[in-house]
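Read off the chains here:
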Number of protein chains: 2
Amino acid sequence: MTTQRIQDFFATRRPDGPCLVVDTEVVRDNFNAFKHALPDSRIFYAVKANPAPEILRLLASLGSSFDCASVAEIEMALEAGATADRISYGNTIKKERDIARARALGIDLFAVDCHEEVDKISRAAPGARIFCRVLTDGEGAEWPLSRKFGCVPVMAVDVLEHAVNHGLQAYGVSFHVGSQQTDLDAWDKALADANAVFRAMAEKGVTLQMVNMGGGFPTRYLKDVPAAEAYGRAIFSALRKHFGNQIPETIIEPGRGMVGNAGVIKSEVVLISKKSAEDKVRWVYLDIGKFGGLAETMDEAIRYPITTTRDGDETEPCVLAGPTCDSADVMYEKKPYPLPITLTIGDEVLIEGTGAYTTTYASVAFNGFEPLRSYVI
Amino acid sequence: MTTQRIQDFFATRRPDGPCLVVDTEVVRDNFNAFKHALPDSRIFYAVKANPAPEILRLLASLGSSFDCASVAEIEMALEAGATADRISYGNTIKKERDIARARALGIDLFAVDCHEEVDKISRAAPGARIFCRVLTDGEGAEWPLSRKFGCVPVMAVDVLEHAVNHGLQAYGVSFHVGSQQTDLDAWDKALADANAVFRAMAEKGVTLQMVNMGGGFPTRYLKDVPAAEAYGRAIFSALRKHFGNQIPETIIEPGRGMVGNAGVIKSEVVLISKKSAEDKVRWVYLDIGKFGGLAETMDEAIRYPITTTRDGDETEPCVLAGPTCDSADVMYEKKPYPLPITLTIGDEVLIEGTGAYTTTYASVAFNGFEPLRSYVI
């Protein structure tokens with residue numbers, strides 16, 4: 001997964017300290033793969049996955065639309081060359097004054113999941129298009145999906161009707177099957193729920209137009225994941241099954257699937273030690289950890305591929321930890337990580353598949369360590 | 001816990017968006033309480049808890065020493081007026097070039113917990129004083145203490161002997177009973193281990209001089225915690241018990257106990273909703289969450305006191321979540337938080353006891369939200 005361009009960057013630039021390098025050619029390939037796999041869907045890149053200006057500019061030039069979580073992300077997408085009609089304010093949790101700021105920037109598409117959010121939008125962005133997020137159970141996803149976003153389908157019907165009654169355009173339904181979703185059937189169940197909302201609204205005389213199928217498309221970490229085409233086929237057949245000949249306009253919001261495999265973090269082994277002479281397991285401490293960009297190792301959820309210059313040598317299981325004085329800054333312990341026995345203090349390791357959800361998760365200055373640097377090439 | 005000075009600040013300055021306000025008078029009181037409770041111990045403030053320059057300057061002027069986790073923190077302590085002899089490099093995980101940089105800044109006191117770290121220090125800071133961290137089990141602590149730092153006592157003896165053999169000064173032993181430790185007996189067990197290392201080293205002809213008793217001193221969140229004097233008494237009696245008339249030089253490293261109760265975060269209710277008409281529990285979304293500074297709500301570890309302008313009204317349990325599009329950004333759900341039924345979107349809430357481990361934990365820009373602003377008054 002470390003492309004030749006990334007290898008060349010490290011070889012010639014030799015940056016000191018931990019850093020992420022993202023290869024835009026991989027992002028371009030991912031965008032084209034999504035476009036090819038789901039030719040009738042509009043792609044809204046989930047900006048939160050990696051908002052680097054170079055990535056946003058590339059995707060804007062390729063015709064991508066953008067799913068934004070805040071006014072700051074909307075401004076970044078506009079700055080990158082996207083027009084307002086290619087931007088959705090996809091966060092269901094918005095201050096009313098932020099909705100007004102987004103509206104002033106020309107944004108006309110908003111996510112909701114309750115009456116209260118509809119009320120805010122009807123005041124701050126009268127007449128706007130809204131879509132209501134429906135709860136899914138997230139089964140099969142590697143990154144935990146809580147009940148934080150969305151409401152049950154029967155309530156979504158109420159919310160959409162409430163929107164119509166308050167002068168908004170009830171535009172569609174959204175769902176999210178859970179991040180790093182590897183079960184192709186997850187979309188089938190969610191699309192059945194979406195269709196139920198479409199039918200209930202039709203009975204009330206309101207024709208919904210759009211299904212926002214969210215993200216969840218996985219990137220390859222240690223295990224192989226289905227290719228974009230496999231997702232495309234599964235999703236298209238689920239759309240056919242539930243919507244028959246009346247397939248609605250669809251949106252997808254890849255984030256991890258767009259940039260995850262495009263990035264590699266370079267890190268350095270700071271210390272290797274044992275806790276007692278009898279200990280079987282060595283502790284390997286890197287110069288990056290949970291608070292420096294690898295927050296998704298929380299509860300050991302995401303398991304990144306790690307390569308070393310000693311690969312091929314015999315391995316043994318290691319506990320992998322970060323460099324801060326925080327005892328919670330341990331990445332893999334319950335399930336130790338196999339690393340070469342010959343691994344040595346000062347060695348460089350590459351943490352692959354780190355293009356998404358790393359740089360912006362990094363803490364400002366925890367323990368005095370600077371945030372993760374990033375190079376987009 | 002919201003002092004009059006903090007209340008006045010909010011009333012007159014009316015800052016927009018979430019922010020932390022720290023009252024230095026509370027920090028001063030805490031410092032004096034520690035000094036009074038443990039008059040024979042040197043206080044090394046754990047800079048990582050809150051490195052705001054105003055806090056460091058105040059503590060430097062009061063005579064505090066500083067426990068630093070990185071070269072950047074060492075530079076901040078020096079900048080605040082501390083001399084190098086009042087600074088320890090307390091992180092057991094250090095790059096050799098960082099040890100050399102610290103040495104160049106005059107630092108002469110380093111933490112270790114293994115042979116490998118001793119080797120680095122003997123090369124980069126020859127002759128320096130080192131203390132070896134001993135593992136404790138952290139029982140009774142609210143913030144999880146892993147096995148990340150320290151080694152078993154028998155190995156500590158080896159490490160200290162190794163240090164002497166490499167020209168370093170074996171200065172003492174350190175331990176940490178776990179953050180937010182409310183069991184006064186925790187220090188007793190750790191001091192027994194420390195004494196065992198002292199005795200084993202004496203048999204080898206090496207006299208250790210110092211016990212670094214770490215931090216762990218709690219701050220008051222929802223439950224009352226023992227006062228500093230109670231800790232002082234318990235620690236002094238444990239020192240007597242294990243060291244008799246030969247009580248060594250001691251160090252304490254309060255962080256949370258020094259600044260936790262000095263800070264209050266102001267936040268705003270962004271949304272209150274339910275997931276279905278039948279739901280008993282309301283979801284309350286604030287404009288700050290796990291990635292904006294409240295990282296210690298991870299696994300619902302730290303439960304902050306929250307006050308609202310509706311306090312006194314009837315309450316009901318709520319799920320409390322942050323404003324980002326991340327499903328993991330939920331603070332309290334397993335054990336919902338009681339909040340007034342009358343709480344309304346737009347209401348201001350105060351999250352108390354947030355002076356420690358908030359600002360620097362905040363992510364750089366996750367979801368486009370800026371890091372937690374902080375005012376020290």
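Predicted model only: the values in this text are computed from it and were never measured. (Residues numbered from 1 in each chain as written. Chains lettered and ligands numbered in written order. Predicted model: local features only at pLDDT ≥ 70, side-chain atom pairs only at ≥ 80, totals over all residues. Heavy atoms only, no water.)

**Q** When you look at the side chain of Thr-359 of chain A in this model, what are you seeing that I'm missing?
**A** The topology assignment puts Thr-359 of chain A in the loop between strand S15 (348–352) and strand S16 (373–376). Under the relative-accessibility criterion, Thr-359 of chain A is labelled buried at 13%. Here Thr-359 of chain A is in contact with Leu-20, Asn-50, Leu-372 and Ser-374 of chain A together with Val-364 of chain B, once residues within four sequence places are set aside. (Helix = DSSP H or I, 4+ residues; strand = E, 2+ residues; numbered from the N terminus. Buried < 20%, exposed > 50% of the residue type's maximum accessible area, 1.4 Å probe, protein only. Contact = heavy atoms within 4.5 Å.)

**Q** So what exactly am I meant to see when it comes to the UniProt feature "modified residue: N6-(pyridoxal phosphate)lysine" (unreviewed entry) in chain A here?
**A** Within the UniProt annotation, "modified residue: N6-(pyridoxal phosphate)lysine" (unreviewed entry) is assigned to Lys-48 of chain A. Considering the arrangement of structural elements, one finds Lys-48 of chain A in the loop between strand S2 (41–46) and helix H3 (53–61). (UniProt positions renumbered as here; feature names shortened; annotations may be inferred.)

**Q** Quick question: what am I supposed to make of the interface of chain A and chain B here?
**A** Contacts between the two partners involve 73 residues from chain A, matched on the other side by 73 residues from chain B. Between chain A and chain B, roughly 5500 Å² of surface is buried when both sides are summed, and carbon and sulfur atoms account for 61% of that area. Applying the counting criterion to the chain A and chain B interface returns 14 salt bridges. Salt-bridge contacts for Asp-279 of chain B lead to Arg-147 of chain A; the nearest nitrogen and oxygen are separated by 3.4 Å. (Buried area = accessible area lost by both parts, 1.4 Å probe. Salt bridge = Lys/Arg side-chain N within 4 Å of Asp/Glu carboxyl O.)

**Q** Would you mind going over the packing of helix H4 (residues 71–79) of chain B against helix H5 (residues 96–104) of chain B with me for this structure?
**A** If you want to describe how two helices pack, look at the angle between their axes and the distance between the axes. Residues and elements named next belong to chain B. Direction vectors running N to C along H4 and H5 enclose 15 degrees, while the axes themselves pass 10 Å from each other. When the axis of H4 is compared with that of H5, the two are roughly parallel. Between H4 and H5 lies a crossing of left-handed hand. Residue-level contacts link Val-71, Ile-74 and Glu-75 of H4 to Asp-98, Arg-101 and Ala-102 of H5. Of the residues that constitute the contact of H4 with H5, the class distribution is three nonpolar, no polar and three charged. (Axes fitted to C-alpha atoms, helices over the stretch in contact; angles between N-to-C directions. Parallel < 35°, antiparallel > 145°, perpendicular 65-115°, else oblique. Left-handed = near helix turned anticlockwise from the far one by under 90°. Nonpolar A, V, L, I, M, F, W, Y, C, P; charged D, E, K, R; others polar.)

**Q** Is there a simple way to think about the side chain of Asn-367 of chain B in this case?
**A** When you line up the elements, Asn-367 of chain B lands in the loop between strand S15 (348–352) and strand S16 (373–376). For Asn-367 of chain B, a relative accessible area of 0% corresponds to the buried category. With sequence-adjacent residues up to four places away left out, Asn-367 of chain B is seen in contact with Lys-48, Ala-69, Ser-70 and Glu-73 of chain A together with Thr-324 and Cys-325 of chain B.

**Q** Whenever I open this one, the domain arrangement of chain A confuses me. Can you help?
**A** All names here are of chain A. For chain A, the assigned domains are domain 1 (90–254) and domain 2 (261–376). Placing the centre of domain 1 and that of domain 2 at their C-alpha centroids yields a distance of 35 Å. On the domain 2 side, the residues contacting the six residues of domain 1 number 12 residues. Where domain 1 abuts domain 2, roughly 860 Å² becomes buried across the two surfaces, and 66% of that area is made up of carbon and sulfur atoms. In this structure, the connection of domain 1 to domain 2 is made through zero salt bridges. (Domains from an automatic or database assignment.)

**Q** Please explain the packing of aromatic side chains as it appears in this structure.
**A** In total, this model carries 28 aromatic pairs over all chains according to the counting rule given. Geometrically, the ring pair formed by Trp-283 of chain A and Tyr-285 of chain A is stacked, given 5.9 Å between the ring centres and 25 degrees between the ring planes. With respect to class, Trp-283 of chain A is no different from Tyr-285 of chain A; both count as buried. Ring geometry for Tyr-89 of chain B against Phe-110 of chain B: centres 6.0 Å apart, planes inclined by 40 degrees, an arrangement best described as tilted. (Phe/Tyr/Trp six-rings, centres within 6.5 Å; stacked < 30°, edge-to-face > 60°.)

**Q** Would you take a moment to explain helix H7 (residues 153–165) of chain B for this structure?
**A** Residues spaced three or four apart along an α-helix point in a common direction, a consequence of the helix completing one turn every 3.6 residues. Residues and elements named next belong to chain B. Taking 1.5 Å per residue as the helical rise, H7 with its 13 residues ought to reach 18 Å, and the 19 Å between its terminal C-alpha atoms agrees with that figure. For H7, the set of buried residues is Met-155, Ala-156, Val-157, Val-159, Leu-160, His-162 and Ala-163. Among the structural elements, strand S5 (109–112), helix H6 (115–124), strand S6 (129–133), strand S7 (169–174) and helix H8 (186–203) are those in contact with the buried residues of H7. Downstream of H7 by one or two residues, Gly-167 has phi in the positive range, about 80 degrees. (Expected span 1.5 Å × (residues − 1).)

**Q** Looking at this structure, I do not really get the pattern of salt bridges. What am I missing?
**A** Pairing between side chains of opposite charge can happen when the charged atoms of each approach one another. Residues and elements named next belong to chain B. Applying the stated rule across the entire model yields 46 salt bridges over all chains. Note that Lys-120 and Glu-117 form a salt bridge whose closest N and O atoms lie 2.9 Å from each other. Of this pair, Lys-120 and Glu-117 are both found in helix H6, three residues apart, which corresponds to roughly one turn of the helix. There is no split in this pair, since Lys-120 and Glu-117 are both buried. Between Asp-347 and Arg-310 there is a salt bridge, with its nearest N and O atoms 2.7 Å apart. Of the two residues, Asp-347 is situated in the loop between strand S14 (330–340) and S15 and Arg-310 in the loop between strand S12 (306–308) and strand S13 (315–321); the sequence distance between them amounts to 37 residues.

**Q** What exactly am I supposed to notice about helix H8 (residues 186–203) of chain A here?
**A** All names here are of chain A. When the terminal C-alpha atoms of H8 are compared, their 27 Å separation across 18 residues agrees well with the 26 Å that a helix rising 1.5 Å per residue should span. Of all the positions in H8, only Ala-186, Trp-187, Ala-190, Leu-191, Asp-193, Ala-194, Asn-195, Val-197, Phe-198 and Met-201 are classed as buried. Taken together, the buried residues of H8 touch helix H7 (153–165), strand S7 (169–174), strand S8 (210–212) and helix H9 (228–243). With its phi angle positive at about 85 degrees, Gly-205 sits one or two positions after the end of H8.

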